[in-house]
Amino acid sequence: KTFVDSEGDATTDGFYQRGDTVYFKIETYYPSFNKETVNKTFTVYDEYTGMDITAFEVESVGNITEFTADDVTYNYGPTGSLPTTDGAGTVSVTFSNDFTEKVQAGEKVVISVEAVIKGVDSAPFKNKARTSSAEDPSEVTGDNANLTIIKKDGIGTDAKTLAGAE
């Protein structure tokens, strides 16, 4: 899981403020299943804190870039739709048994996520991705901070705060 810019390219820009839109990219790989396995669904979970998810979409699985309702099922949490408005929760996408039959194990899965930072004082916002195939979660964290600038009429200990300039 990484921060990306609005074009989908990786970015190191880590300064965001309340109300900013941030973009994430989840990359994982399609798991293998034993021949005898009956339930071959595969789910990718995205757990968020301090933000609302405004877009959550599978970009690709290997060379496949178009998906039908028979291929994938999205779960947008308690509201059942986007944008989420709870500031914390989990969204997910589940690939069906039939879709699993179309792809090879090891195919790269790419999911794009767009969110708006809600921020609560100095609490960090977090985005953690995991899968049903028991991978260790990947987490991206951003910090919020309050900043107050006080304008003074000079430099040093004798400087006085300008009226109304906070």
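Scroll up for the structure.
First things first, this report covers the structure right here in the doc. (Residues numbered from 1 in each chain as written. Predicted model: local features only at pLDDT ≥ 70, side-chain atom pairs only at ≥ 80, totals over all residues. Heavy atoms only, no water.)

## As for the overall build of the chain
Selection criterion: Each helix is a run of DSSP H or I of at least 4 residues and each strand a run of E of at least 2, with the numbering of both proceeding from the N terminus. Three exposure classes are used, based on accessible area relative to the maximum for each residue type with a 1.4 Å probe and protein chains only: buried under 20%, partly exposed in between, and exposed over 50%.
For the chain, the helix and strand inventory stands at one helix and nine strands. The order of α-helices and β-strands along the chain, N terminus first, is β-β-β-β-β-β-α-β-β-β. Within the span of the chain, comprising 166 residues, buried residues form 33% of the whole.

## What to know about unusual backbone geometry
Here the residue pair Leu82 and Pro83 is connected by a cis peptide bond, since its omega of 0° sits within 30 degrees of zero. In this fold, Pro83 is placed in the loop between strand S5 (72-75) and strand S6 (88-95).

## Some details on the pattern of salt bridges
Stated precisely, the cut-off is as follows: Each reported salt bridge corresponds to a side-chain nitrogen of Lys or Arg within 4 Å of a carboxyl oxygen of Asp or Glu.
This model, assessed by the stated rule, comprises five salt bridges. For the salt bridge of Lys40 with Glu101, the shortest nitrogen-to-oxygen distance reads 3.7 Å. Of the two residues, Lys40 is situated in the loop between strand S2 (21-29) and strand S3 (42-49) and Glu101 in helix H1 (residues 97-102); the sequence distance between them amounts to 61 residues.

## Quick notes on the pairing of S3
Heads up, the condition is: At least two bridges found by DSSP between two strands is the condition for calling them paired.
Looking at chain direction, S3 and S6 are connected through eight bridges and run antiparallel. Along S6, the bridge assignment pairs Thr49 with Ala88.

## Some thoughts on the nonpolar core
Basically, it comes down to this: The nonpolar core is taken to be a set of buried Ala, Val, Leu, Ile, Met, Phe, Trp, Tyr and Cys residues, with the residues joined through side-chain atoms within 4.5 Å. Residue contacts are counted whenever heavy atoms from the two residues lie within 4.5 Å of one another.
The biggest cluster of nonpolar side chains holds 26 residues, and the ones touching the most others in it are Tyr30, Phe56, Val61, Val93, Phe95 and Ile111. Elements represented by at least two residues in this core include exactly S2, S3, strand S4 (51-61), S6, strand S7 (108-117) and strand S8 (125-131). For Val61, the residues in contact, after removing those within four places along its chain, are Tyr30, Phe67, Phe95, Phe99, Val103, Glu107, Lys108 and Val109.

## Some thoughts on the packing of aromatic side chains
Counted only if it meets this: In this analysis, rings of Phe, Tyr and Trp, with Trp reduced to its six-membered ring, are considered paired at centre separations within 6.5 Å, and the interplanar angle assigns stacked below 30 degrees, edge-to-face beyond 60, and tilted for intermediate values. Charge over a ring is defined by NZ of Lys or CZ of Arg lying within 6 Å of the ring centre and within 35 degrees of the ring normal.
Considering all chains together, one arrives at eight aromatic pairs under this definition. Centre to centre, the rings of Tyr30 and Phe95 are 5.7 Å apart; their planes meet at 70°, and the pair counts as edge-to-face. Of this pair, Tyr30 sits in the loop between S2 and S3 while Phe95 sits in strand S6, and the two are 65 residues apart along the sequence. The ring of Tyr45 has Arg130 lying over it, and the distance from NZ or CZ to the ring centre is 4.2 Å.

## Quick look at the environment of Val109
As for its placement among the helices and strands, Val109 is situated in strand S7. Looking at Val109, the relative accessible area reads 0%, which means it is buried. In the structure, Val109 is positioned 83 residues away from Ile26 in sequence and 7.9 Å away in space, judged by C-alpha atoms. When near neighbours in sequence (up to four residues on either side) are disregarded, Val109 contacts Ile26, Glu27, Thr28, Tyr29, Tyr30, Phe42, Ser60, Val61 and Phe95.

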